[in-house]
Amino acid sequence: MCLFCKIAAKQIPAKILFEDDELVAFHDVNPVAPTHVLVIPKAHVASLGDAAPEHAALLGKLMLAATRAAELTGVAQGGYRVVANTGANAGQSVFHLHLHVLGGRAMGWPPG
Ligand code: DGP
């Protein structure tokens, strides 16, 4: 079972912001912004690149959960970034689909 499957199954601890039957939002263990929340599906999908048409509704729920995470952490009004690192060049390190919700500071573009 992968690391984020274990977090979804409560086999390893995480600081959970909210969850439902299909997804979990929890704080990143190594935050790179004052708000850094990860939103994951409970079902294992390795990356955004592995999402299939049957995941369309789930992907929508993940995006809406990202906006909810921004609202709950107080960064929605100031602005925030939602990121899905996908594959080696993007720096994906955990191969279970996750959205990073980053906020609480100004960010540059393009990303590094
Ligand atoms: P990425 O590089 O896009 O695959 O992001 C993976 C993120 O997962 C990274 O920001 C650190 C975070 N992370 C890794 N292990 C753990 C963990 O055990 N708990 C939590 N809460 N976050 C983790």
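Only a predicted model underlies this, so the values are computations on that prediction, with no experimental measurement involved.

About the thresholds
Sequence order as written defines the numbering, with residues in each chain counted from 1. With pLDDT at 70 or above as the cut-off, local features in this predicted model cover only qualifying residues; side-chain atom pairs require 80 or more to be listed or tallied, and sums for whole chains, interfaces and linings still use all residues. Note that water and hydrogens are dropped before the side-chain values are worked out from all heavy atoms of the structure. Within this scheme a cavity is a closed region of a 1 Å grid, computed over the protein atoms alone, that accommodates a 1.4 Å probe without allowing it to escape, whereas a pocket is open but has protein on both sides within 12 Å along at least five of seven lines; lining residues each have an atom within 4 Å of a point. Grid points are joined across faces, edges and corners, and a volume is the space filled by probe spheres set on the points. A cutoff of 4 Å decides nearness: a residue is near a molecule or strand if any of its heavy atoms lies inside that distance of it. A 3.5 Å cut-off defines polar contacts: any pair of N or O atoms within that distance qualifies, except that in protein one atom must be a possible hydrogen donor and the other a possible acceptor, and neighbouring residues in sequence count only when both atoms are side-chain atoms. Values of accessible area rely on a 1.4 Å probe in the Shrake-Rupley scheme; residue burial ignores everything except the protein chains shown. Any molecule with more than half of its atoms within 2 Å of a cavity's or pocket's grid points is regarded as sitting in that cavity or pocket. The way it works is that DSSP assigns letters per residue, a run of H or I at least four long becomes a helix, a run of E at least two long becomes a strand, and they are numbered from the N terminus. Patches were defined on residues exceeding 30% relative accessible area and lacking a salt bridge, with like-charge contacts within 9 Å and nonpolar side-chain contacts (Val, Leu, Ile, Met, Phe, Trp, Tyr) within 5 Å. One speaks of a salt bridge when a side-chain nitrogen belonging to Lys or Arg is within 4 Å of a carboxyl oxygen belonging to Asp or Glu. Residue burial is assigned from relative accessible area. The probe radius is 1.4 Å, only protein chains are included, and a residue is buried under 20% of its type maximum, exposed over 50%, and partly exposed in between. Pairing between strands requires that DSSP locate at least two bridges from one strand to the other. For every element, the axis is a line fit to its C-alpha atoms; helices are fit only across the contacting stretch, and the angle between N-to-C directions ranges from 0 to 180 degrees. Here, residues are in contact when the closest pair of their heavy atoms is within 4.5 Å.

Caption draft 1: Focus on the layout of surface pockets. Its volume calculated, the largest pocket comes out at about 540 Å³. Lining the largest pocket we find 26 residues, and of these Val83, Asn85, Ala90, His100 and Leu102 sit closest to its centre.

Caption draft 2: Just the site of the ligand, in detail. Close to the ligand lie 16 residues; Asp28, Asn85, Ser93, His98 and His100 are nearest. Take His100: an N or O atom from its side chain is 2.8 Å from an oxygen atom of the ligand. Look at the ligand: alone it shows 510 Å² of surface, and the protein chains cover 82% of it. Using a 2 Å cut-off from the grid points, one finds that the ligand occupies the largest pocket. Counting only elements with at least two residues in the shell around the ligand, the list comes to helix H1 (3-8), strand S2 (23-27) and strand S3 (35-41). Among the elements that make up the shell around the ligand, the one with the highest residue count is H1 (three residues).

Caption draft 3: Seen up close, a nonpolar patch on the surface. The grouping of Met63, Tyr80 and Val82 at the surface amounts to a nonpolar patch, some 240 Å² of accessible area in total. Mapped onto the secondary structure, Val82 falls in strand S4 (residues 80-83). Taking the relative accessible area as the measure of exposure, Val82 reaches 33% and is therefore partly exposed.

Caption draft 4: Expanded view of the pairing of strand S1 (residues 16-19). Both S1 and S2 contribute to a ladder of three bridges, which runs antiparallel. Across the sheet, residue Ile16 finds its bridge partner in S2, namely Phe26. Taking the residues between adjacent antiparallel strands as the criterion, S1 and S2 are bridged by three residues.

Caption draft 5: Looking closely at the sheet that holds S3. Overall, antiparallel pairing links the five strands, which are arranged S1-S2-S3-S5-S4 in an open sheet. Of all strands in the sheet, those bounded by a partner on one side alone are S1 and S4. Sheet twist, expressed as the average angle between the axes of neighbouring strands with direction ignored, equals 15°. Where S2 lies against S3, five bridges are found, and the strand directions are antiparallel. Within the sheet, the bridge partner assigned to His27 lies in S3 and is Val37. Where helix H2 (residues 56-72) meets the sheet, it contacts S1, S2, S3, S4 and strand S5 (99-103), and its direction lies at approximately 155° from that of S3.

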